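Listed below, chain by chain, are the residues.
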Amino acid sequence: MKFSHCFLTALACGLLPAWAGEPVPQKTVLESAAGEFWTVGEDTFFVFNGAGDKRVTLVGTNLKIVCDHLEMTAVGIGEKSATLPTLDKFKYLLATGRVNIVQGTREANCGRAEVFPRDDKIVLTESPIVIDHANDARVDGAKITMLRGQQRVLVEKPKFEGPPIKNLGYDPKEPQPAPAQPQRTVTPASPPPK
């Protein structure tokens, strides 16, 4: 199933933190083995599934998501009786099953990714790994939460790997300097009582 709609453009523009400037917008395309969408009130729900070697693939502006299962919720506006209303705001995204997200030189892999655009937050669980190919850095942990606009990443049980740091002068072959001795200060004695 191939699907392209204006809501996906909004999704692609706001999904992951914008680390390196704003890219030129491009049409967003979603492909999957099967898909379903329905509207309840003002919310429109989307479910896409892969099958066999056909995985769910979402490609948009500076973004690519590949997974086995994708769910999205958006707020519709306009004609409520239309099969697919005009979509106004993306509310939630859940990607599960061998999730791979690529944006620019950054890549995330995990079993489950949740996107909360109203909170400017992405939560990666189930063995999450975030790699920055530009500076050869990697972080993994039990849970990784990325906060858009704050350039902040919270990691539970982190393990970081990165490029070597410059020589800060430590040589394990040289003897270590003796610890500094505290200096004593002498206070003048009080004059004898008269």
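Residues numbered from 1 in each chain as written. Predicted model: local features only at pLDDT ≥ 70, side-chain atom pairs only at ≥ 80, totals over all residues. Heavy atoms only, no water.

> Would you take a moment to explain the packing of aromatic side chains for this structure?
A ring pair, where both rings are aromatic, is described by two values, the distance of the centres and the angle of the planes. All chains considered together, the criterion is met by four aromatic pairs. Note on Tyr92 and Phe116: the rings are 5.5 Å apart at their centroids and 55° apart in plane angle, and the pair reads as tilted. Here the residue Tyr92 occupies a position in strand 8 (residues 86–103), and Phe116 occupies one in strand 9 (residues 106–116), the gap between them amounting to 24 residues. Here Phe116 falls in the partly exposed class, since its relative accessible area comes to 23%. Through a chain of ring-to-ring contacts, three or more aromatic side chains come together here, namely Phe37, Phe46 and Phe48. (Phe/Tyr/Trp six-rings, centres within 6.5 Å; stacked < 30°, edge-to-face > 60°. Helix = DSSP H or I, 4+ residues; strand = E, 2+ residues; numbered from the N terminus. Buried < 20%, exposed > 50% of the residue type's maximum accessible area, 1.4 Å probe, protein only.)

> Looking at this model, I keep getting lost on the pairing of strand 6 (residues 63–67). Mind explaining?
Put simply, side chains in a regular strand alternate between the two faces of the sheet. Burial within strand 6 is extensive, with four of its five residues counted as buried. In the sheet, strand 5 (residues 56–60) pairs with strand 6 via five bridges, with the strands oriented antiparallel. In the strand pairing of strand 6, Val59 is matched with Lys64. Two successive antiparallel strands, strand 5 and strand 6, enclose a turn made up of two residues, where Asn62 displays a positive phi of approximately 50°. (Pairing = 2+ DSSP bridges.)

> Sorry, what's going on with the pattern of salt bridges here?
Pairing is possible between side chains that carry opposite charge, provided their charged atoms lie close to one another. Taken as a whole and assessed by the stated rule, the structure comprises seven salt bridges. Of the charged contacts, one joins Arg98 and Asp68 as a salt bridge, the two residues approaching to 2.7 Å between their closest N and O atoms. Here the residue Arg98 occupies a position in strand 8, and Asp68 occupies one in the loop between strand 6 and strand 7 (69–77), the gap between them amounting to 30 residues. The exposure class of Arg98 is exposed, given its relative accessible area of 53%. Glu114 is paired through a salt bridge with Arg112; the nearest N and O atoms lie 3.7 Å apart. On the accessibility criterion, Arg112 (26% relative accessible area) is partly exposed. A single salt-bridge network, built from bridges that share partners, covers Arg55, Asp68 and Arg98. (Salt bridge = Lys/Arg side-chain N within 4 Å of Asp/Glu carboxyl O.)

> Explain the confidence of the model for the chain to me, please; I cannot follow it from the model alone.
For any part of a model where pLDDT is low, the fine detail of the predicted coordinates should not be relied upon. When pLDDT is averaged across the chain, the result is 80; 77% of the residues are at 70 or more. Segment residues 1–20 is flagged for pLDDT under 50; beyond a separation of four residues in sequence, or across chains, it makes 62 contacts in the model. (pLDDT = per-residue confidence, 0-100. Contact = heavy atoms within 4.5 Å.)

> Could you clarify how one ought to interpret the nonpolar core in this entry?
Burial of nonpolar side chains together is a common tendency in soluble globular proteins. If you look at the biggest cluster of nonpolar residues, it comprises 26 residues, and the most contacted ones within it are Leu70, Met72 and Leu124. Taken together, the elements giving at least two residues each to this core come down to strand 4 (43–49), strand 5, strand 6, strand 7, strand 8, strand 9, strand 10 (121–125) and strand 13 (143–147). Looking at which element gives the most residues to this core, the answer is strand 8, with five residues. Non-local contacts of Leu124, meaning those with residues more than four positions away in its chain, are made with Ala108, Cys110, Arg112, Ala113, Val130, Lys143, Ile144 and Met146. (Core = buried A, V, L, I, M, F, W, Y, C linked by side-chain atoms within 4.5 Å.)

> Where do I start with unusual backbone geometry in this structure?
Phi is mostly negative for residues that are not glycine, and the peptide bonds are mostly trans. With phi around 50°, Asn62 is a residue other than glycine that occupies positive phi space. With a phi angle near 50°, Asp120 is a residue other than glycine that sits in the positive phi range.

> Help me out: how do you make sense of the environment of Asp68 in this one?
The exposure class assigned to Asp68 is partly exposed, which follows from its relative accessible area of 25%. In this structure, the C-alpha to C-alpha distance between Asp68 and Ala33, residues 35 residues apart in sequence, is 9.7 Å. Other than its neighbours up to four places away in sequence, Asp68 contacts Phe48, Asn49, Gly50, Arg55, Val56, Thr96, Gly97 and Arg98.

> In this structure, what is going on with the state of the cysteines? I would like to understand it.
By definition, a disulfide links the sulfur atoms of two cysteines through a covalent bond. By the definition in use, this model includes zero disulfides. For Cys67, which is in no disulfide, the shortest distance to another cysteine sulfur is to Cys110 and amounts to 9.4 Å. (Disulfide = S-S within 2.5 Å.)

> Explain the environment of Gln103 here, please?
The topology assignment puts Gln103 in strand 8. By relative accessible area, Gln103 is classed as buried at 9%. For Gln103 and Asp132, which are 29 residues apart along the polypeptide, the C-alpha to C-alpha distance reads 9.8 Å.

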